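# Residue-level structural notes
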Amino acid sequence: MRNIRGITGVRARRGLVLSVAGLTAIPAFVLGTGGTAQAASCTTSTGPYQKQVEKYLHLKVDGKQSSADCTKIRSFQSTYGVTPAIGYAGPVTWRTMQTLTAQKAAGKNPNKAGKCPTNKGRIACVDLTRQISWIQDGKKLKFGPVPVRTGRDTYETRTGAKKIYWRHKNHVSSLYHVSMPYSQFFDGGQAFHAVGVKMWNPPGSHGCVNMRTSDAKSYWNLLKNGDDVYVYGRKPGT
């Protein structure tokens, strides 16, 4: 494994836990049915969050799965990368809806609660709870907020104050052998970088802050080595 600006040996091997879109596990079963789901199938099972999902999608709220319900739920799942996309109103689908609601509420004032420091000058803020990130200069919003995909359970993105210490525009993970465009490392092997999956695709990264390519490119252009990064909150489901 290659050295990264002074991070060598054991530390590099331990720290370089990078997110990989291609390794995301996609379950092949329907929770609660015990049956195997075909890629094009639509479940008839009523999920534990049926009423909540029906309300979110402006469907008839009766807590019973219908063909119309399944079609609408599957469409939502496909749009946001929730797998398996079989129309089941399970915890991942409902959690995604809650996250989307929180992201929308952030609007253009993501630091309204003042949790990201405003006395650092330029800083990239990462809110794990809402799965969003933005760049601010003092109290002035410079970019974002944008949706991000952070570390899954047991591979959580580490919280606290960090600094960008190494950037590699065309980085390839030496651990997983996958492309990590616009990588900006801020904590061991954890970095901002682009991925080819949707930001709500479960279960999450291996610790990195995944971004859409356009957002990762903007971060690349706006940040530099030595810029501050602040990570706080807790990702839903971890």
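Located above this text is the structure these notes cover.
Residues numbered from 1 in each chain as written. Predicted model: local features only at pLDDT ≥ 70, side-chain atom pairs only at ≥ 80, totals over all residues. Heavy atoms only, no water.

### A look at the overall build of the protein
- In terms of helices and strands, the protein carries five helices and nine strands.
- Taken over 238 residues, the protein has a buried fraction of 47%.
- Contacts spanning at least 24 positions in sequence make up 60% of the contacts within the protein whose residues lie at least 6 apart.
- A total of about 11600 Å² of accessible surface is found on the protein, and carbon and sulfur atoms cover 52% of it. (Helix = DSSP H or I, 4+ residues; strand = E, 2+ residues; numbered from the N terminus. Buried < 20%, exposed > 50% of the residue type's maximum accessible area, 1.4 Å probe, protein only. Contact = heavy atoms within 4.5 Å. Areas by Shrake-Rupley, 256 points an atom, 1.4 Å probe, with all protein chains shown as cover.)

### Some remarks on the packing of aromatic side chains
- Within this structure, the stated rule accounts for 10 aromatic pairs.
- Aromatic pair Phe143 and Tyr219: ring centres 5.9 Å apart, planes at 75 degrees, arrangement edge-to-face. Of this pair, Phe143 sits in strand β3 (residues 140-147) while Tyr219 sits in helix α5 (residues 213-222), and the two are 76 residues apart along the sequence.
- We classify Tyr219 as buried; its relative accessible area is 0%.
- Three or more aromatic residues joined by ring pairs make a cluster, and in this case those are Tyr56, Phe76, Tyr80 and Trp200. (Phe/Tyr/Trp six-rings, centres within 6.5 Å; stacked < 30°, edge-to-face > 60°.)

### Here we look at the environment of Gln98
- Tracing the chain through its elements places Gln98 in helix α4 (residues 91-106).
- For Gln98, a relative accessible area of 42% corresponds to the partly exposed category.

### What to know about the packing of helix α3 (residues 67-80) against α4
- Interhelical geometry of α3 versus α4 gives an angle of 65 degrees and a closest axis separation of 11 Å. In this structure, α3 meets α4 at a crossing whose hand is left-handed. Contacts between α3 and α4 pair Ile73, Phe76, Gln77 and Tyr80 from the former with Thr93, Thr96, Met97 and Leu100 from the latter.
- Of the residues belonging to the contact of α3 with α4, the class tally is five nonpolar, three polar and no charged. (Axes fitted to C-alpha atoms, helices over the stretch in contact; angles between N-to-C directions. Left-handed = near helix turned anticlockwise from the far one by under 90°. Nonpolar A, V, L, I, M, F, W, Y, C, P; charged D, E, K, R; others polar.)

### Things to note about the sheet that holds strand β9 (residues 228-232)
- The five strands are arranged β3-β2-β1-β9-β4 in an open sheet whose pairing can be described as mixed. At either end of the open sheet lies a strand with only one pairing partner, and these are β3 and β4 (160-163). Along the sheet, successive strands turn relative to each other by an average axial angle of 20 degrees, direction set aside.
- By the bridge criterion, six bridges tie strand β1 (residues 122-127) to strand β2 (residues 132-137) in an arrangement that is antiparallel. Bridge assignment links Cys125 to a residue of β2, and that residue is Trp134.
- Lying over the sheet, α5 contacts β1, β2 and β3, oriented at roughly 155 degrees with respect to β3. (Pairing = 2+ DSSP bridges.)

### Digging into the nonpolar core
- Ala124, Phe186, Phe192, Met211, Tyr219 and Val229 are the most contacted members of the largest nonpolar core, which has 19 residues in total.
- Secondary-structure elements contributing two or more residues to this core are β1, β6 (179-187), β7 (190-194), β8 (209-211), α5 and β9.
- Looking at this core element by element, the count peaks at three residues for α5.
- Those residues in contact with Ala124 that sit more than four places away from it in its chain are Trp134, Ile135, Phe192, Tyr219, Leu223, Asp228, Val229 and Tyr230.
- Counting residues in hydrophobic clusters, the runner-up holds 12 residues, among them Leu57, Leu59, Phe76 and Val195. (Core = buried A, V, L, I, M, F, W, Y, C linked by side-chain atoms within 4.5 Å.)

### Side note on α4
- Taking 1.5 Å of rise per residue, 16 residues should cover 22 Å, and α4 covers 23 Å from first to last C-alpha, within 8% of that figure.
- Burial in α4 covers these residues: Thr93, Trp94, Thr96, Met97, Thr99, Leu100, Gln103 and Ala106.
- In this structure, the buried residues of α4 make contact with α2 (50-56), α3, β2 and β3.
- One or two positions beyond α4, positive phi appears at Gly107, with a value near 50 degrees. (Expected span 1.5 Å × (residues − 1).)

### Quick notes on the pattern of salt bridges
- Per the stated rule, a full pass over the model turns up seven salt bridges.
- The salt bridge involving Arg122 is made with Asp137; its shortest N-O contact spans 2.8 Å. Linking Arg122 in strand β1 with Asp137 in strand β2, this pair joins segments that are 15 residues apart in sequence.
- Residue Lys224 pairs with Asp227 through a salt bridge whose shortest N-O separation is 3.1 Å.
- If you follow the salt bridges from partner to partner, you end up with Arg158, Lys162 and Asp187 in one network. (Salt bridge = Lys/Arg side-chain N within 4 Å of Asp/Glu carboxyl O.)

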